[in-house]
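# Summary of the model geometry
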Amino acid sequence: MSDIQDRTRKIVVEHLGVEEDKVTENASFIDDLGADSLDTVELVMAFEEEFGIEIPDDAAETIQTFGDAVKFIKEAV
Amino acid sequence: MFDLSGKTALVTGASGGIGAAIARALHGAGATVALSGTREAPLQDLAGELGERVHVTPCNLSDREAVNALPKVAAEAMGSVDILVNNAGVTRDNLFMRMSEDEWDSVIEVNLTAAMLLSKGVMRGMMKSRWGRIVNISSVVGSTGNPGQANYAASKAGLVGMSKSLAYEVASRGITVNAVAPGFITTAMTDKLNEEQQAKILTQVPAGRMGEASEIAAAVLYLASPEAGYVTGTTLHVNGGMAML
């Protein structure tokens, strides 16, 4: 389980160029991690590829924080 | 100049005069091309003429399922889609007062909605590779209007608005989105006009002649090239001075 969290965090760190310790459960991609709306689209694309899952557009809109992402991915894989 | 070696391009409406000229120009600059169109025979003929680095990917653009599948088919054939040229277009002219909903819908569907769906379909690959070119073929009538063509003009003006909005969104990812707006070009469509009609049109064209499909293709080639990387959201009018916009 923590494996998913680590892999997800790694993607966020690489994509947004933020410090690893900033990527906390409640960190909002846009408000706390400096992502713009297109970054969030790219993050979702990267999650889909890393975990071989499909994240539909309406679900993607609900993924606002790092915790949201991990939760969604855990349920989807 | 304008070397597209190693790039891949999907051209819709490649069975028509302008689309075929665009495919020739991109292929001539070194790109691998996927030729799309409704009629397969002319696509195969063009593929035979071009030789290597060519794929034939027929698609009926009024069939949404087929439209959504096309970017994947093209990417599987070529490895990627770096350049998308939304060239396909249909007309169903009628006086506005007599225009049916079906005449309106079918033109918007093929000319505008299919271009949106295809652009969306190729965007993921372009975002990942941080490089992409979308060129939408509009028309001078999208800017000037034309009696009997409310549906066609709306679709062509719509392409310009869509291009600009998308250009904003993806500019930071190395992707440009532009339009080319042809004026009166020698094609099968304009060959149907009689001499009198053609002469009347030419009185409005300062250049005093019809344009050639290859002159549209040259504009597309430029916008697809690495050299045009700083050009986005624009419309390149190729109309012999008919409308100076």
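Per chain, residues are indexed from 1 in the order of the written sequence. Ligands are numbered from 1 and chains lettered from A, in the order in which they are written. For this predicted model, a pLDDT threshold of at least 70 governs which residues receive local features, and a threshold of 80 or more governs which side-chain atom pairs are given and counted, while totals over whole chains, interfaces and linings are taken from all residues. Computation of side-chain values: all heavy atoms of the structure, hydrogens and water removed.

### Brief notes about the interface of chain B and chain A
Short version of the rule: Residues are treated as being in contact if the distance between any of their heavy atoms lies within 4.5 Å. Accessible-area loss on putting two parts together, using a 1.4 Å probe and summing over both, is the definition of buried area adopted here. In what follows, salt bridge is the name for a side-chain nitrogen of Lys or Arg lying within 4 Å of a carboxyl oxygen of Asp or Glu. Any N or O atom pair separated by 3.5 Å or less is treated as a polar contact, with the protein-specific requirement of one donor-capable and one acceptor-capable atom, and with residues adjacent in sequence counted only for side-chain atom pairs. Numbering of helices and strands runs from the N terminus, with a helix taken as a DSSP run of H or I at least four residues long and a strand as a DSSP run of E at least two residues long.
Each side of the interface is counted separately: chain B has nine residues, and chain A has 10 residues. Summing both partners gives a buried area of about 750 Å² for chain B against chain A, and 44% of it is carried by carbon and sulfur. For chain B, the biggest contributors to the area lost against chain A are R124, M127 and R173 of chain B; these three give 66% of the whole. If you look at where chain B meets chain A, you find eight salt bridges. Between D36 of chain A and R173 of chain B there is a salt bridge whose closest N-O contact spans 3.9 Å. Connecting chain B to chain A are five residue pairs in polar contact (both at pLDDT 80 or more). It is helix α4 (residues 101-129) of chain B that contributes the most residues to the side of chain B that touches chain A, four residues altogether.

### Digging into the UniProt feature "binding site: NADP(+)" (unreviewed entry) in chain B
Residue and element names in this part refer to chain B. Stated precisely, the cut-off is as follows: UniProt positions are given in the numbering used here, feature names are shortened, and annotations may be inferred rather than shown by experiment.
Here the UniProt-annotated "binding site: NADP(+)" (unreviewed entry) positions come out as T38, N87, Y152, A153, A154, S155, K156 and I185. For this annotated set, covering 148 residues, the C-alpha atoms extend up to 22.5 Å from each other, a dispersed arrangement in space. Take T38: it is sitting in the loop between β2 (32-35) and α2 (40-50). Residues within four places of T38 in sequence aside, it is in contact with S15, C59 and N60.

### A word on the sheet that holds strand β4 (residues 83-86) of chain B
Residues and elements named next belong to chain B. What counts, and what does not: Should DSSP find at least two bridges between two strands, the strands are taken to pair. To define axes, lines are fitted to C-alpha atoms, for helices over the stretch in contact only, and angles between the resulting N-to-C directions are given on a 0 to 180 degree scale.
Taken together, the seven strands give an open sheet; going across it, the order is β3-β2-β1-β4-β5-β6-β7, and neighbouring strands pair in parallel fashion. Every other strand in the sheet has two partners, leaving β3 (54-56) and β7 (235-238) as the edge strands with one partner each. Between one strand and the next, the sheet's axes are offset by a mean angle of 15°, whatever the strand orientation. Across four bridges, the pairing between strand β6 (residues 175-182) and β7 is parallel. Residue pairing in the sheet places V180 in a bridge with L236 of β7. Together, β5 (132-137), β6 and β7 form the strand contacts of helix α6 (residues 150-170), whose direction differs from that of β6 by roughly 160°. Across the sheet, helix α9 (residues 213-224) touches β4, β5, β6 and β7, and the angle it forms with β6 is around 165°.

### With respect to the pattern of salt bridges
Inclusion rule: Note on exposure labels: buried denotes an accessible area under 20% of the residue type's maximum, exposed denotes more than 50%, and partly exposed covers the range between, all computed with a 1.4 Å probe on protein chains only.
According to the stated counting rule, one finds 17 salt bridges over all chains in the structure shown. Between E49 of chain A and K128 of chain B there is a salt bridge, with the nearest N and O atoms lying 2.8 Å from each other. Here E49 of chain A is found in helix α2 (residues 37-51), whereas its partner K128 of chain B is found in helix α4 on a different chain. A relative accessible area of 43% means that E49 of chain A is categorised as partly exposed. A salt bridge links E215 of chain B to R209 of chain B; the nearest nitrogen and oxygen atoms lie 2.8 Å apart. Residue E215 of chain B is classed as partly exposed on the basis of its relative accessible area, which comes to 31%.

### Details of the UniProt feature "active site" (unreviewed entry) in chain B
Residues and elements named next belong to chain B. Feature annotation in UniProt assigns "active site" (unreviewed entry) to the following positions: Y152. Turning to its location among the elements, Y152 is positioned in helix α6. A relative accessible area of 12% places Y152 in the buried class. With sequence-adjacent residues up to four places away left out, Y152 is seen in contact with V90, T91, V107, N111, S139 and V141.

### Comments concerning the pairing of β5 of chain B
The side chains of a regular strand alternate, first on one face of the sheet and then on the other. Residue and element names in this part refer to chain B. In plain terms, the rule: Orient the strands so they point away from the viewer; a crossover is then right-handed if the path from the first strand over the helix to the second runs clockwise.
For β5, a buried count of six out of six residues is recorded, marking the element as mostly surrounded by other parts of the structure. Burial of β5 is two-sided: the residues G132, I134 and N136 facing one way and the residues R133, V135 and I137 facing the other way are all buried. Bridge count between β4 and β5: four bridges; the pairing is parallel. From the neighbouring strand, N86 faces β5, where its bridge partner is N136. Between the parallel elements β4 and β5, the chain passes through α4 in a crossover that is right-handed. Alignment of β5 against β6, held across six bridges, turns out to be parallel. The partner of V135 across the bridge, within β6, is N178.

### Things to note about the nonpolar core
Soluble, globular proteins show a tendency: their nonpolar side chains are buried together. All names here are of chain B. What counts is decided by this rule: Residues enter a nonpolar core if they are buried and are Ala, Val, Leu, Ile, Met, Phe, Trp, Tyr or Cys, with the set joined through side-chain atoms within 4.5 Å.
Formed by 35 residues in total, the largest nonpolar core has its most connected members in I22, L26, L35, I83, V85 and V180. Of all the secondary-structure elements, those providing two or more residues to this core are β1 (8-11), α1 (17-28), β2, α2, β4, β5 and α9. Top contributing element to this core by residue count: α9, with eight residues. If sequence neighbours within four positions are ignored, I22 has contacts with V11, V85, N87, I137, A217 and V220. Residues L10, L84, I134 and V170 belong to the second largest nonpolar core, which totals 27 residues.

### Considering the packing of α1 of chain B against α2 of chain B
Residue and element names in this part refer to chain B. Put simply, the test is: Any angle that falls under 35 degrees is termed roughly parallel, while one over 145 is termed roughly antiparallel, one within 65 to 115 roughly perpendicular, and all others oblique. Note on convention: near helix rotated counterclockwise from far helix by under a right angle means a left-handed crossing. Clockwise means right-handed. Gly is placed with the polar residues, together with every amino acid not listed as nonpolar (Ala, Val, Leu, Ile, Met, Phe, Trp, Tyr, Cys and Pro) or charged (Asp, Glu, Lys and Arg).
Packing of α1 against α2 brings their axes to within 11 Å, and their N-to-C directions diverge by 25°. It follows from the interaxial angle that α1 and α2 lie roughly parallel. As for how α1 packs across α2, the hand of that crossing is right-handed. In contact with A20, A23, R24 and H27 of α1, α2 contributes L46, E49 and L50. Considering only residue class, the contact of α1 with α2 consists of four nonpolar, one polar and two charged.

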